[in-house]
Amino acid sequence: MKKLSLSVFIICSFFTAWAQRQEKMNLDLEKIWSGYFDERKYVVRLMNQSPRFSWIQTDTGSGPQIILALDFNTTRIVDTLFSNQIRSGSDSIPTTFTYFQDFRFSPDDNKILIQTQIEPQFAISEKSFNYVWDISKKTLRVVSASGKQAYPTFSPDSKWLSYVLDANLYLMDLEKNTTTPVTLDGFEGQFLYGMNDALYENGFGLTRAFDWSPDSRYISLLRFNENSVKTYPITSYERAYAEVRNQRYPLAGEMVPEVKVFIYDVVNKLFIPVDIGVNPDQYITGTRWSPDSKTLLVQKLSRDQKRLEILKADVVTGKTTVIYTEEKSDNYVRIYNENIWFINNGRSFLWMSEKDGYSHLYKINPDSANARPVTSGKWEVMKVEAVDDSHGEIFYTSNEMAAHQKQLYKIGYDGKSKTRLTKGNGYHNVWMSNDNRYFFDEHSSLNRPAQYQVSSVSGKEQRKLIENKELRDRMKDYRIQDADFFSVKANDSMTMNGWLIRPFGTPRAKSPLILYVYGGSTHQEVLDQWTDKFTLTMRWLAHQGYTVACIDPRGTPGKGEAFRKINYKKPGDIEMEDLVKVKDYLARNYRIDSLNASVMGWSYGGYLAALAQTKYAKAFKAAVAIAPVTNWRFYENIYAERMLSLPSENAEGYKNASPINFVSNYQGGLFLVHGTADDNVHLQNSLELSKQLTNARKTNFEQHFYPDKTHNLSDGTPNILRMSLYTRINDFLKRELK
């Protein structure tokens with residue numbers, strides 16, 4: 001009997017211990033932002049002369065880094081191209097080179113650009129210290145010790161490396177190991193050569209502003225004259241005496257930088273000015289060389305963004321002729337940060353446009369200016385991934401399957417024989433091999449981390465390389481609920497997409513709602529793509545007892561021109577109408593307390609959150625407005641004027657769209673958050689809203705400002721600032737959504 005009791009005890013103890021081991025843990029905010037759930041990201045670069053790709057392999061234990069090459073045909077490692085353990089012939093032990101973060105191949109694959117200490121330059125672009133590794137000679141040369149360089153680019157013949165340093169363009173002769181400046185008078189805030197300024201980068205998504213001709217004889221070059229642009233002070237509080245940095249920042253209606261286009265003759269060291277007209281009140285939104293290097297195509301956009309011209313410039317004289325024009329009388333022309341792909345040996349080119357209502361590809365003959373559609377339908381082309389002139393085929397990604405997905409397709413120049421190449425729902429980021437026979441595929445979904453695989457264009461082969469198994473195993477130990485997609489029809493029957501995360505368990509009472517939104521015309525938030533830290537944080541908030549939803553209202557991209565431009569000259573009202581519609585839909589179909597609903601957003605989403613508690617007070621009980629625009633007269637001109645036109649032409653629109661003009665409606669429940677060094681949406685926006693609320697005797701709002709932090713409100717890993725931010729948001733919502 002005692003033995004039986006002991007056996008039962010042992011068995012019970014075993015199952016109790018087993019059950020404890022199986023007990024899943026709640027998500028932890030610190031683990032999310034300390035990198036515990038980060039997916040294993042690989043820096044992948046394709047080689048130019050062989051069907052191979054390479055990536056950085058890091059030994060986290062001992063520290064060595066190597067660049068490995070893998071063959072697309074066999075998916076086997078075929079070579080080690082670089083190691084930070086450098087050994088010359090006379091060395092007995094290797095010299096450890098610094099940790100590096102990225103790399104690029106020269107067009108002939110004989111040299112590798114090694115990039116270290118990368119840091120942001122503006123919103124998109126970066127600068128770094130760079131080195132050139134000669135694979136055959138096994139020598140490593142520093143590009144410049146004078147400062148970090150931006151946009152390092154090999155010439156097509158692999159003999160030169162060009163880069164921007166301190167707003168000037170430089171040329172490094174890789175054979176002679178000498179460097180010469182192309183320009184001399186570049187200076188930040190005055191003249192910029194070969195680089196788009198912060199305004200162009202934020203407004204158009206444009207970065208590098210120089211380009212080599214295919215024969216390596218010429219360089220097209222933009223010069224920005226920022227002297228006429230007013231400065232805005234950004235204050236740093238890191239020292240006893242605060243320091244002020246003056247940023248060139250043209251507000252809506254103010255002077256913009258004057259941009260000129262030049263062609264630089266590398267052989268004769270001559271500058272040829274390109275005739276783009278004498279109007280300084282315009283934008284240059286792209287250049288592209290013809291395959292024969294005899295002409296340069298220049299995209300010129302009017303200040304009101306209603307007329308876009310493609311100019312063809314002669315390389316010798318700089319004289320131009322207009323070969324194509326696109327106009328919009330009732331709104332604006334959409335600009336793509338990558339456009340023009342030459343086909344048919346340069347006799348025609350592909351052009352992306354939404355002229356027929358959706359972003360699609362057109363074939364243009366420069367002589368006739370006739371644009372013939374290659375793709376069509378109620379979906380959007382996202383990017384041209386490759387062009388195969390020998391077979392007359394285009395490889396492009398689009399959202400044809402669903403507005404929140406990204407898939408790879410192949411189509412003929414004649415618009416026929418369209419084939420989907422990627423498999424599986426979700427989001428596919430792809431890189432084509434140099435022979436266009438294979439593609440490297442990073443495939444993820446909203447609820448599944450990325451896996452990396454190689455697929456053949458023929459569809460016969462698909463080999464998985466990396467499945468992020470370590471991360472998936474970690475996630476199994478935690479309560480991580482799936483996000484579910486839903487759709488809602490707006491009042492005009494247009495369909496909005498969203499996703500929703502329910503709180504854990506089955507609570508008896510209805511749960512409060514957090515509705516996250518961005519809502520601007522440049523970015524979709526609702527994508528079937530894994531974003532580790534953000535969506536895990538939204539799941540963490542759901543663990544606190546909220547239902548968390550995210551929505552792309554009308555005014556966002558991905559669903560065509562009519563959907564995205566419906567709020568032209570009157571932003572805010574359409575989006576708020578949609579947010580209320582979504583709140584009511586969720587309350588009817590899920591266990592949600594509509595009286596305890598909140599809006600949370602960042603940047604444009606922060607603007608909508610501020611609008612929700614002012615102009616649309618009572619629609620939501622609480623709102624979290626992070627880095628919001630509160631007065632569109634305070635924002636940069638490209639974005640604001642694209643949305644509202646010039647202030648002189650739409651003064652009433654600017655007034656009706658700005659939360660500061662509706663503080664008298666405020667009832668309560670607003671949390672304002674901003675970084676004091678925000679150089680995108682300036683702190684002035686939140687300070688002005690705070691001042692106007694105070695002047696209107698509205699004291700029941702909260703605000704928090706993060707010293708010396710920019711628009712992103714981030715401080716690396718572990719990201720203590722983000723932990724602070726979301727802890728404060730959770731505490732605020734607990735107080736408000738009772």
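Nothing here was measured: the structure is a model prediction, and the numbers come from that model.

*Asks:* Please give an account of the nonpolar core that cites residues and values.
*Replies:* The biggest cluster of nonpolar side chains holds 56 residues, and the ones touching the most others in it are Tyr200 and Phe349. Here the element with the most residues in this core is strand E17 (residues 218–225); it accounts for five residues. If near-sequence neighbours (up to four positions away) are discounted, tyrosine 200 is found in contact with Gly205, Leu206, Phe224, Pro257, Val259, Gln282, Tyr283, Ile284 and Ile638. In this structure, Leu579, Trp632, Ala640 and Leu670 belong to the second largest nonpolar core, which totals 54 residues.

*Asks:* So, the environment of proline 553: which residues are in play, and what are the values?
*Replies:* In this structure, proline 553 sits in the loop between strand E41 (547–552) and helix H6 (561–564). Using a relative accessible area of 0% as the deciding quantity, one classes proline 553 as buried. Apart from residues lying up to four places away in sequence, proline 553 is in contact with Met496, Val517, Gly519, Phe563, Glu575 and Asp578.

*Asks:* Account for the environment of aspartate 715, naming residues and giving values.
*Replies:* Along the polypeptide, aspartate 715 turns up in the loop between strand E45 (701–706) and helix H12 (720–736). Each residue touching aspartate 715, except ones within four places of it in the same chain, is listed here: Lys709, Ile720 and Leu721.

*Asks:* Can you break down the pattern of salt bridges residue by residue, with the values?
*Replies:* Under the definition given, this model contains 35 salt bridges. Note that arginine 239 is salt-bridged to glutamate 243, the shortest N-O span being 3.0 Å. The class of glutamate 243 is partly exposed, set by a relative accessible area of 39%. Several salt bridges converge on common partners, so that one network encompasses Lys328, Arg334, Glu354, Glu380, Glu561, Arg564 and Lys565.

*Asks:* Tell me what's going on with the sheet that holds E41, and back it up with residues and numbers.
*Replies:* With respect to topology, eight strands assemble into an open sheet ordered E38-E39-E41-E40-E42-E43-E44-E45, the strand pairing being mixed. Each edge of the sheet is formed by a strand with only one pairing partner; in this case those strands are strand E38 (484–489) and E45. Pairs of neighbouring strands in the sheet enclose a mean axial angle of 20 degrees, with direction left out of account. As judged from the five bridges shared by strand E42 (residues 592–602) and strand E43 (residues 622–626), these two strands associate in the parallel manner. Bridge pairing links serine 598 to alanine 622 in E43. Where helix H8 (residues 604–612) meets the sheet, its contacts fall on strand E40 (511–517), E42 and E43, and the angle it forms with E42 comes to roughly 140 degrees. Set on the sheet, H12 makes contact with E40, E42, E43, strand E44 (670–675) and E45; between it and E43 the angle comes to about 160 degrees.

*Asks:* Give me the lowdown on the sheet that holds strand E35 (residues 438–445), citing residues and values where you can.
*Replies:* Where strands meet in a sheet, backbone hydrogen bonds hold them as pairs that are either parallel or antiparallel. One open sheet holds the four strands; their spatial order is E34-E35-E36-E37, and the pairing between them is antiparallel. Edge positions in the open sheet fall to strand E34 (427–432) and strand E37 (462–466), since each of these has one partner strand only. Taking the axes of each pair of neighbouring strands and ignoring which way they run, one obtains an average angle of 25 degrees across the sheet. As judged from the six bridges shared by E34 and E35, these two strands associate in the antiparallel manner. Opposite valine 430, over in E35, you have aspartate 441 as the bridge partner.

*Asks:* Break down empty space enclosed by the protein for me, citing the residues and quoting the values.
*Replies:* Evaluated as defined, the whole model comprises four cavities of 30 Å³ or more. Within this model, the largest cavity holds a volume of roughly 110 Å³. Each residue belonging to the lining of the largest cavity can be placed in one class, and the counts come to five nonpolar, four polar and three charged. By volume, the second largest cavity is sized at about 50 Å³. In terms of lining residues, the second largest cavity is bounded by Arg303, Asp304, Lys306, Tyr568, Glu641, Ser645, Leu646 and Glu649.

*Asks:* Could you give me a rundown of the packing of aromatic side chains, with the residues and numbers involved?
*Replies:* Given two aromatic rings, their pairing is described by the distance between the two centres and the angle made by the two planes. With the rule as written, the count across this model stands at 42 aromatic pairs. With 5.6 Å between their ring centres and 85 degrees between their planes, phenylalanine 103 and phenylalanine 105 make a pair best called edge-to-face. Overall, phenylalanine 105 belongs to the buried group, its relative accessible area being 9%. Measuring from ring centre to ring centre gives 6.0 Å for tyrosine 324 and tryptophan 351, while their planes differ by 65 degrees; the resulting arrangement is edge-to-face. Of the two residues, tyrosine 324 sits in strand E25 (residues 320–327) while tryptophan 351 sits in strand E27 (residues 348–353), which places them 27 residues apart along the sequence. By relative accessible area, which is 5% here, tyrosine 324 ends up buried. Taking the relative accessible area as the measure of exposure, tryptophan 351 reaches 2% and is therefore buried. Here the aromatic cluster, defined as three or more aromatic residues joined through ring pairs, consists of Tyr42, Phe53, Trp55, Phe72, Trp431, Tyr438, Phe440 and Tyr452.

*Asks:* An account of helix H9 (residues 637–644) is needed here, citing residue identities and associated values.
*Replies:* Where burial is concerned, most of H9 is hidden: eight out of the eight residues are buried. The complete set of buried residues in H9 reads Asn637, Ile638, Tyr639, Ala640, Glu641, Arg642, Met643 and Leu644. Where H9 is buried, its residues contact helix H3 (198–204), strand E22 (282–289), H8 and helix H10 (651–657). Where H9 begins, one side-chain oxygen reaches toward the backbone nitrogen of isoleucine 638, 2.8 Å away; that side chain belongs to glutamate 636.

*Asks:* I'd like to hear about the side chain of aspartate 71, residue by residue, with values.
*Replies:* Summarising the element assignment, aspartate 71 is placed in strand E3 (residues 65–71). Buried charge without a partner: aspartate 71 forms no salt bridge, and the closest opposite charge is arginine 52, 4.0 Å away. Side-chain polar atoms of aspartate 71 contact the backbone nitrogen of threonine 74, separated by 3.2 Å.

*Asks:* Tell me about unusual backbone geometry, and name the residues and values.
*Replies:* A cis amide bond links threonine 717 to the next residue, proline 718, at an omega of -5 degrees. As for its placement among the helices and strands, proline 718 is situated in the loop between E45 and H12. Positive phi outside glycine occurs at lysine 138, with the angle close to 55 degrees. Mapped onto the fold, lysine 138 is located in the loop between strand E9 (126–134) and strand E10 (139–142). Residue classification places lysine 138 among the exposed positions, given a relative accessible area of 57%. Phi is positive for asparagine 177, close to 60 degrees, though the residue is something other than glycine. Relative to the helices and strands, asparagine 177 is located in the loop between strand E13 (168–173) and strand E14 (178–181). Overall, the relative accessible area of 42% leaves asparagine 177 in the partly exposed class.

Scoring rules and cut-offs
- Throughout this document, residue positions are counted from 1 along each chain, in the order its sequence is written.
- Confidence filtering applies because this is a predicted model: local features only for residues at pLDDT of at least 70, side-chain atom pairs given and counted only at 80 or more, and all residues used for totals across whole chains, interfaces and linings.
- Side-chain measures here rest on the full set of heavy atoms in the structure, leaving out hydrogens and waters.
- Side-chain atoms within 4.5 Å are what join buried Ala, Val, Leu, Ile, Met, Phe, Trp, Tyr and Cys residues into a set we call a nonpolar core.
- To sort residues, take the accessible area from a 1.4 Å probe on protein chains only and compare it with the maximum for the residue type: under 20% means buried, over 50% means exposed, and anything in between is partly exposed.
- Each helix is a run of H or I in the DSSP string that is no shorter than four residues. Each strand is a run of E no shorter than two, and both are numbered from the N terminus.
- In this analysis, two residues are considered to be in contact whenever any of their non-hydrogen atoms come within 4.5 Å of each other.
- When a carboxyl oxygen of Asp or Glu lies within 4 Å of a side-chain nitrogen of Lys or Arg, that pair is called a salt bridge.
- Two strands are said to pair when DSSP picks up at least two bridges between them.
- For every element, the axis is a line fit to its C-alpha atoms; helices are fit only across the contacting stretch, and the angle between N-to-C directions ranges from 0 to 180 degrees.
- Using a grid of 1 Å spacing that covers the protein atoms alone, one calls a set of points a cavity when a 1.4 Å probe fits there but cannot get out, and a pocket when the set is open and has protein on both sides within 12 Å along at least five of seven lines; lining residues are those with an atom within 4 Å of a point.
- Grid points are joined across faces, edges and corners, and a volume is the space filled by probe spheres set on the points.
- Residues were grouped as follows: Ala, Val, Leu, Ile, Met, Phe, Trp, Tyr, Cys and Pro as nonpolar; Asp, Glu, Lys and Arg as charged; and all remaining residues, including Gly, as polar.
- When the centres of two rings from Phe, Tyr and Trp lie within 6.5 Å, Trp using its six-membered ring, the rings pair. Their planes under 30 degrees apart give stacked, over 60 give edge-to-face, and anything left gives tilted.
- Nitrogen and oxygen atoms within 3.5 Å of one another constitute a polar contact, given that in protein one can donate a hydrogen and the other can accept it, and given that sequence-neighbouring residues count only through two side-chain atoms.
- Lys and Arg are tallied as positive, Asp and Glu as negative. Neither His nor the chain termini are counted.

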